[in-house]
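Next come the chains, spelled out residue by residue.
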Amino acid sequence: MLKLFRNLKPFALPIAVALAMVFAQALADLYLPTLMSDIVDTGIVKGDTAYILRIGGWMLLVAAGGVVCAVVASWLSARVGMGFGRDLRRKVFAHVERFSLHEFDTIGTPSLITRTTNDITQVQMFTMMMLRMMVMSPVMAVGGVIMAVQKDAKLTWVLVVVIPLVAAIVGITASRALPLFRTVQAKIDRINLVLRENLTGVRVVRAFNRIEHEKRRFDAANLELTEVSIRVNKLMALMMPLMMLILNLTTVAIVWFGAKRIDLGEMQVGSLMAFIQYAMQILFSLLMVSFLFIMLPRASASAQRINEVFDLQPQISDPAAPRRADHERGHIELRDVTFAYPGSAEPAVRDISFDARPGEVTAIIGGTGSGKSTIVNLIPRFYDPAAGAILVDGVDIREMAQEDLRNRIGFIPQKAVLFNDTIAANIRWGRDEATDEEVAHAADIAQATEFILAMSEGFQSVVAQGGTNLSGGQKQRLAIARALVRRPEIYVFDDTFSALDFKTDARLRAALRRETGEATVIIVAQRVNTVMDADRIVVLDDGRVVGTGTHRELLRSGGVYREIVSSQLSEEELA
Ligand code: ADP
Ligand code: MG
């Protein structure tokens, strides 16, 4: 919590003003009962109307001043709270942007979303409350005690009994609520996860008639949240009436014992009234502290979750003195690379070695799950290998700046990702300053022009969120155009061609050959047709390289490649 509050520094001035205003308001509130007792004990007893009017007018003035201070304080603390929340969200977002895929795997996307929204809101609300109560409560409590003692020292023993009692109740409730609030936030994460899966996978849910199943899953998560929330609220609900009861019993005790003292002539009626008011102010300030304590566990649970995000340092970061690799153009070397995903014991790929040279096409072929995507994801350094090294132009990519490395790569992932913007803007994602001609040219090479022009507004047509208004193959071709417009030194196509029909696949690759020229091209595929004419084919099986060579060489040596080929091509095609 305290760590997060360091972010309040820019708000020092409004906070100081707000606290001063609260202080002034508290003083005004403390002064009013004394004025009232003066009116009763002096003015009314003596029947001095002028005195009553004078003090009464003064009372009005003090009360009005208090109200103005309260309004200003509320306004300022609301502004500070909101600004604080805004800054935190901005910071979390910026921090998460630096994460490598490893950190996303660790915290989980749904939880990251809750932490940036709900958790920050909790902290923000608490900050607002705190600014109002932090000064108010102690001033009212201490000031109230001083004023009460002044009014009648003998009656204060009532307070001596009551105050520790109230403090104990507040303490016990808060300590029991803290773990529950932490659970509440975790349950919100869970709801977020189920909801997200259900919404993004809505087609599958419908197609497999899993609506009922999903409903039950959501209901279960929803119910869990409800149950924990009810338990917390029960605890809190118990506290309120208990406090009110204590408050009222205190009043009764004061009136009871005060009346006896008035009988004895040791106290005046006005003083008794003022005393009751001071007792209320003291207990109310304790009650306010208890509100703060109600919110504190929840806010501190949230603060902890936010800090966890900040504490997570990206495993992949730039070296202190990055090296540039510019004496060659995109020569990639993998040396005995082994990699295991976080949390899995078995490496997904092991001892992978191959070369991909500029001006050549290097293909990687293998069945599903053989580790093709894993290997190409290591090249832009989405993950770091556990052993071995990847070199670009002779420099280990861990010694390069990530931005430098990625600027040189045109990466087309297995699952094309498009953004809710125009087609042209989506292609221009590859390079902001690309001209219209360059965009059109890239679309041409990617064999996308035909379907783009068939759309109602051509290049200005808007891609729906998640690209739902395009087919898989169309999305892939836009993703290819995006990489082409970048004119990188290294192209990586991860299973990009499998969503295309054979004819488009062939045409696209022919056009690509001309376009990519001296660049290094890595093509991942499952279809023999796609890789046949590559300069070098790397055959993968179960995370290992089981053959490297050209189509002819590999055919001659038999093994896995021959099996793949004979399962896909007819005898004539083979010959
Ligand atoms: P391919 O692209 O050849 O179909 P992948 O490289 O995607 O295969 O996957 C290789 C292996 O790594 C598979 O066994 C898969 O279960 C595992 N794997 C892939 N992605 C992850 C991930 N994010 N976390 C854990 N395991 C993964
Ligand atoms: Mg794959």
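What you see is a predicted model, and the numbers here were worked out from it, not measured in a lab. (Residues numbered from 1 in each chain as written. Chains lettered and ligands numbered in written order. Predicted model: local features only at pLDDT ≥ 70, side-chain atom pairs only at ≥ 80, totals over all residues. Heavy atoms only, no water.)

Caption draft 1: Just unusual backbone geometry, in detail. Positive phi, normally seen in glycine, also occurs at aspartate 336, with a value near 45 degrees. Relative to the helices and strands, aspartate 336 resides in strand β1 (residues 332-339). Its identity as a non-glycine residue notwithstanding, aspartate 393 has a phi of 50 degrees, on the positive side. You can see aspartate 393 is positioned in the loop between β4 (387-392) and β5 (395-396). (Helix = DSSP H or I, 4+ residues; strand = E, 2+ residues; numbered from the N terminus.)

Caption draft 2: Expanded view of the site of ligand 1. In the region of ligand 1, the neighbouring residues are Tyr341, Ala348, Gly367, Thr368, Gly369, Ser370, Gly371, Lys372, Ser373 and Thr374. Between ligand 1 and the protein, one listed contact pairs an oxygen atom with a side-chain N or O atom of serine 373 at 2.7 Å. Within the side chain of threonine 374, an N or O atom sits 2.5 Å from an oxygen atom of ligand 1. Protein contact buries 60% of the 560 Å² of open area that ligand 1 shows by itself. Its residues assigned to classes, the shell around ligand 1 shows two nonpolar, seven polar and one charged. (Near = heavy atom within 4 Å. Polar contact = N/O pair within 3.5 Å; in protein donor to acceptor, adjacent residues only side chain to side chain. Areas by Shrake-Rupley, 256 points an atom, 1.4 Å probe, with all protein chains shown as cover. Nonpolar A, V, L, I, M, F, W, Y, C, P; charged D, E, K, R; others polar.)

Caption draft 3: Summary view of the domain arrangement of the protein. By domain assignment, the protein separates into domain 1 (4-177 + 237-311) and domain 2 (332-574). Placing the centre of domain 1 and that of domain 2 at their C-alpha centroids yields a distance of 62 Å. (Domains from an automatic or database assignment.)

Caption draft 4: Inspection of the coordination of the magnesium ion (ligand 2) at higher detail. Protein coordination at the magnesium ion (ligand 2): the donors are Ser373 (OG) and Gln414 (OE1), at 2.0 to 2.2 Å from the metal. Linking serine 373 in helix α10 (residues 372-378) with glutamine 414 in the loop between β6 (409-412) and α12 (423-428), this pair joins segments that are 41 residues apart in sequence. (Donors = N, O, S within 2.8 Å, 3.2 Å for Na, K, Ca; no water.)

Caption draft 5: Region of interest: the sheet that holds strand β10 (residues 544-549). Strand order in the open sheet made by the six strands is β6-β7-β8-β3-β9-β10, with mixed pairing throughout. Every interior strand has two partners, whereas the edge strands, β6 and β10, have only one. Adjacent strand axes in the sheet meet at a mean angle of 15 degrees when their direction is disregarded. As defined by bridge partners, strand β7 (residues 490-494) adjoins strand β8 (residues 520-525) across five bridges and the pair is classed as parallel. By the bridge assignment, phenylalanine 493 is partnered in β8 with isoleucine 523. (Pairing = 2+ DSSP bridges. Axes fitted to C-alpha atoms, helices over the stretch in contact; angles between N-to-C directions.)

Caption draft 6: Quick look at helix α16 (residues 502-516). Over its 15 residues, α16 runs 21 Å from end to end, which matches the ideal 21 Å to within 8%, given 1.5 Å per residue. Taken as a whole, α16 has its buried residues at Thr504, Asp505, Leu508, Arg509, Ala511, Leu512 and Thr516. On its buried side, α16 packs onto α13 (436-445), α15 (472-484), β7, β8 and α17 (528-531). Residue glycine 517 follows α16 closely and has a positive phi angle near 45 degrees. (Expected span 1.5 Å × (residues − 1). Buried < 20%, exposed > 50% of the residue type's maximum accessible area, 1.4 Å probe, protein only. Contact = heavy atoms within 4.5 Å.)

Caption draft 7: Quick look at the packing of aromatic side chains. On inspection of all chains with the given rule, the structure shows 11 aromatic pairs. Here the aromatic rings of tryptophan 157 and phenylalanine 257 are separated by 5.0 Å at their centres, their planes lie at 70 degrees, and the arrangement is edge-to-face. One end of the pair, tryptophan 157, is in helix α6 (residues 157-200); the other, phenylalanine 257, is in helix α8 (residues 211-263), and 100 residues separate them in sequence. A relative accessible area of 31% places phenylalanine 257 in the partly exposed class. Taken together, the ring pairs in this structure connect Phe339, Tyr341 and Tyr383 into an aromatic cluster. Note that lysine 91 overlies the ring of phenylalanine 310, its terminal NZ or CZ placed 5.4 Å from the centroid. (Phe/Tyr/Trp six-rings, centres within 6.5 Å; stacked < 30°, edge-to-face > 60°. Lys NZ or Arg CZ within 6 Å of the ring centre and 35° of its normal.)

Caption draft 8: Region of interest: the side chain of threonine 250. Summarising the element assignment, threonine 250 is placed in helix α8. Residue class for threonine 250 comes out buried when judged on its relative accessible area of 2%. In contact with threonine 250, not counting residues within four places along its chain, are Val158, Val162 and Leu283.

Caption draft 9: Looking closely at the sheet that holds β5. In spatial order, the strands read β2-β1-β4-β5; together these four strands make up an open sheet with antiparallel pairing. Both outer strands of the open sheet, β2 (349-356) and β5, are each paired with one neighbouring strand and no more. Here two bridges tie β4 to β5, and the two strands are oriented antiparallel to one another. Looking at the pairing, valine 392 lines up with valine 395 of β5.

Caption draft 10: A look at the environment of valine 166. When you line up the elements, valine 166 lands in helix α6. Along the chain, valine 166 and methionine 239 lie 73 residues apart, while their C-alpha atoms are 10.0 Å from each other. Those residues in contact with valine 166, other than ones at most four positions away along the chain, are Met243, Ile246, Leu283 and Leu286.

Caption draft 11: Inspection of the environment of alanine 299 at higher detail. Mapped onto the elements of the fold, alanine 299 is located in helix α9 (residues 269-311). The class of alanine 299 is buried, set by a relative accessible area of 1%. Residues alanine 299 and leucine 484 lie 185 residues apart in sequence; the distance between their C-alpha atoms is 48 Å.

Caption draft 12: A look at a nonpolar patch on the surface. Together, Trp157, Val160, Val161, Trp256 and Phe257 make up an exposed nonpolar region whose accessible area comes to about 540 Å². Counting only elements with at least two residues in the nonpolar patch, the list comes to α6 and α8. With three residues, α6 is the single largest residue contributor to the nonpolar patch. With respect to the secondary-structure elements, valine 161 resides in helix α6. (Patch = residues over 30% accessible without salt bridge, like charges linked within 9 Å, V, L, I, M, F, W, Y side chains within 5 Å. Salt bridge = Lys/Arg side-chain N within 4 Å of Asp/Glu carboxyl O.)

Caption draft 13: Layout of the environment of glycine 108. Structurally, glycine 108 can be placed in the loop between α4 (101-107) and α5 (109-151). A sequence separation of 19 residues divides glycine 108 from threonine 127, and the C-alpha atoms of the two residues are 27 Å apart.

Caption draft 14: Main features of the packing of α15 against α16. Put simply, α15 and α16 touch, their axes get as near as 13 Å, and they point 0 degrees apart. Comparing their axes, α16 and α15 come out roughly parallel. Here Arg477, Ile480 and Leu484 of α15 lie close against α16, whose contacting residues are Thr504, Leu508, Leu512 and Glu515. Taken together, the residues that form the contact of α15 with α16 break down as four nonpolar, one polar and two charged. (Parallel < 35°, antiparallel > 145°, perpendicular 65-115°, else oblique.)

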